[in-house]
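Chain residues, written in single-letter form:
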Amino acid sequence: MNIAILALQGDFAEHEAVFRALGCDTFQIRQKNDLQLHADALILPGGESTVQGKLLRELELMEILRERIGNGLPVMATCAGTILLARQLLDDPVSHFGTLNAVVRRNAYGRQLDSFFIHGSFAGLPDVPMSFIRAPQFEFCAPGTEVLAEYQGRITAVRQGNQLAMTFHPELYSDHRVASWFLSEIVQKKRPV
Ligand code: GLN
């Protein structure tokens with residue numbers, strides 16, 4: 001399995017380590033040339049979505065990747081990556097890929113809960129470690145969205161077609177069950193668009 005990891009900014013190295021530990025081949029996407037390699041899936045890391053969006057446009061990666069995601073390339077996004085996927089951002093006039101039919105609010109947890117750690121259930125898997133770091137929140141998800149995780153009544157992970165989007169970071173821990181679930185349930189059972 002060949003996993004492409006967007007490596008413009010943010011915690012791409014952590015994602016890379018997880019997929020390597022799971023036995024995948026990985027490569028980084030930093031420039032247009034990198035898009036020539038075949039990818040079975042794309043990973044959008046956490047970080048700063050405004051910086052990532054700006055670089056995606058400047059490096060002319062945005063349109064090609066949007067088209068591939070729209071054509072069903074499996075994608076896994078954490079935190080800033082989820083902001084990149086959302087159709088609409090509540091507090092921002094721009095959107096980025098816009099392939100996920102959801103409205104997302106950035107930095108939604110306010111000052112006191114700016115960053116926090118929990119163990120939560122993900123797609124029926126118990127006690128998954130999850131870090132929320134200046135995390136966004138889903139304000140709306142289109143009908144038919146599969147909700148995979150929730151915390152205190154807020155949706156924290158969704159699946160739409162071949163897109164998996166989370167508002168937390170599961171990739172910072174040695175527990176790799178979320179990435180493993182993505183490989184077995186989305187990449188290996190890719191749905192037609
Ligand atoms: N707050 C960041 C943003 O708006 C996301 C934070 C993260 O990826 N941990 O892009």
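Since the structure is predicted, the reported quantities are computational estimates derived from the model, not experimental observations.

### Focus on the environment of A157
Inspection of the secondary structure puts A157 in strand 11 (residues 154-160). The class of A157 is buried, set by a relative accessible area of 0%. Sequence spacing of A157 and P129 is 28 residues, and the spatial spacing of their C-alpha atoms is 13 Å. If near-sequence neighbours (up to four positions away) are discounted, A157 is found in contact with F122, F138, E146, V147, L148, A149, A165, M166 and F168.

### Re helix 1 (residues 12-21)
The periodicity of an α-helix, 3.6 residues per turn, causes residues three or four places apart in sequence to face the same way. Among the residues of helix 1, those classed as buried are F12, H15, E16, V18 and F19. Viewed along the axis of helix 1, the buried residues span an arc of 160°, placing them on a single side of the element. Lining the buried residues of helix 1 we find strand 1 (2-6), strand 2 (25-29), strand 3 (41-44), strand 4 (75-78) and helix 5 (177-187). G23 occupies a position one or two residues after helix 1 and carries a positive phi of about 90°.

### Section: the site of the ligand
Around the ligand lies a shell formed by G46, G47, E48, S49, C79, A80, I83, R106, N107, I133, R134 and H169. H169 places a side-chain nitrogen or oxygen 2.8 Å from a nitrogen atom of the ligand.

### Re empty space enclosed by the protein
Counted according to the given criterion, the structure contains 1 cavity of 30 Å³ or more. As a volume, the largest cavity reaches approximately 60 Å³. Around the largest cavity, the lining residues are H15, V18, F19, M76, P170, E171, D175, H176, V178 and A179. Residue assignment for the lining of the largest cavity shows that the elements contributing at least two residues are helix 1 and helix 5. Sorting elements by how many residues they give to the lining of the largest cavity places helix 1 first, with 3 residues. Residue composition of the lining of the largest cavity, grouped by class: 6 nonpolar, 2 polar and 2 charged.

### Some points on the state of the cysteines
Tallied over the full model, the rule gives 0 disulfides. Cysteine C141 shares no disulfide, and the gap to the nearest cysteine sulfur, in C79, comes to 15 Å. Overall, the relative accessible area of 18% leaves C141 in the buried class.

### Concerning the sheet that holds strand 10 (residues 146-151)
In spatial order, the strands read 2-1-3-4-12-11-10; together these 7 strands make up an open sheet with mixed pairing. Both edges of this open sheet fall to strand 2 and strand 10, since each of them pairs with a single strand only. Between one strand and the next, the sheet's axes are offset by a mean angle of 20°, whatever the strand orientation. Where strand 11 and strand 12 (residues 163-166) come together, 4 bridges link them in antiparallel fashion. Residue pairing for strand 12: Q160 is matched across the bridge by Q163. Each of strand 1, strand 3, strand 4, strand 10, strand 11 and strand 12 touches helix 5; the most contacted strand, strand 12, lies at about 155° to it.

### What about the nonpolar core?
Side chains that are nonpolar tend, in soluble globular proteins, to be buried together. Counting residues in hydrophobic clusters, the biggest one holds 33 residues, and the most contacted among them are F19, F122, F132, L164 and F182. Contributions of two or more residues to this core are made by strand 1, helix 1, strand 3, strand 7 (115-122), strand 8 (125-133), strand 10, strand 12 and helix 5. Examining the composition of this core, we find that 7 residues originate from one element, helix 5, more than from any other. Once residues within four sequence positions are removed from consideration, L164 is found in contact with V75, M76, A77, F122, L148, V158, W181, F182 and I186. Counting residues in hydrophobic clusters, the runner-up holds 30 residues, among them L56, A77, A102 and V158.

Quick notes on the rules
- Throughout, a residue's number is its position along its own chain's written sequence, starting from 1.
- Local features are withheld for residues below a pLDDT of 70 in this predicted model, meaning they are given only at 70 or higher, and side-chain atom pairs are given and counted only at 80 or more; totals for whole chains, interfaces and linings count all residues.
- Water and hydrogen atoms were dropped before computing side-chain values, which therefore reflect all heavy atoms in the structure.
- A run of H or I in DSSP counts as a helix once it spans at least four residues, and a run of E counts as a strand once it spans at least two, with each numbered from the N terminus.
- Only protein chains enter the accessibility calculation, which uses a 1.4 Å probe. A residue is then buried if its area is under 20% of the maximum for its type, exposed if over 50%, and partly exposed in between.
- In this analysis, two residues are considered to be in contact whenever any of their non-hydrogen atoms come within 4.5 Å of each other.
- In this description, one arc is meant: the one made by directions from the helix axis to the C-beta atoms.
- Here a residue is considered near a molecule or strand provided that any single heavy atom belonging to it is located within 4 Å of it.
- Here a polar contact is recorded for every N or O atom pair within 3.5 Å, except that within protein the pair must consist of a potential hydrogen donor and a potential acceptor, and residues adjacent in sequence are included only if both atoms are side-chain atoms.
- Computed over the protein atoms alone on a 1 Å grid, cavities are sets of points where a 1.4 Å probe fits but cannot get out and pockets are open sets with protein on both sides within 12 Å along at least five of seven lines; a residue lines them when it has an atom within 4 Å of a point.
- Grid points are joined across faces, edges and corners, and a volume is the space filled by probe spheres set on the points.
- Asp, Glu, Lys and Arg are counted as charged, while Ala, Val, Leu, Ile, Met, Phe, Trp, Tyr, Cys and Pro are counted as nonpolar; the rest, among them Gly, fall into the polar class.
- We call a pair of cysteine sulfur atoms a disulfide whenever their separation is within 2.5 Å.
- We treat two strands as partners when DSSP finds at least two bridges between them.
- In this analysis an axis means a line fitted to C-alpha atoms, helices contributing only their contacting stretch, and an angle means the value between N-to-C directions, from 0 to 180 degrees.
- The set of buried Ala, Val, Leu, Ile, Met, Phe, Trp, Tyr and Cys residues whose side-chain atoms join them within 4.5 Å is what this entry labels a nonpolar core.

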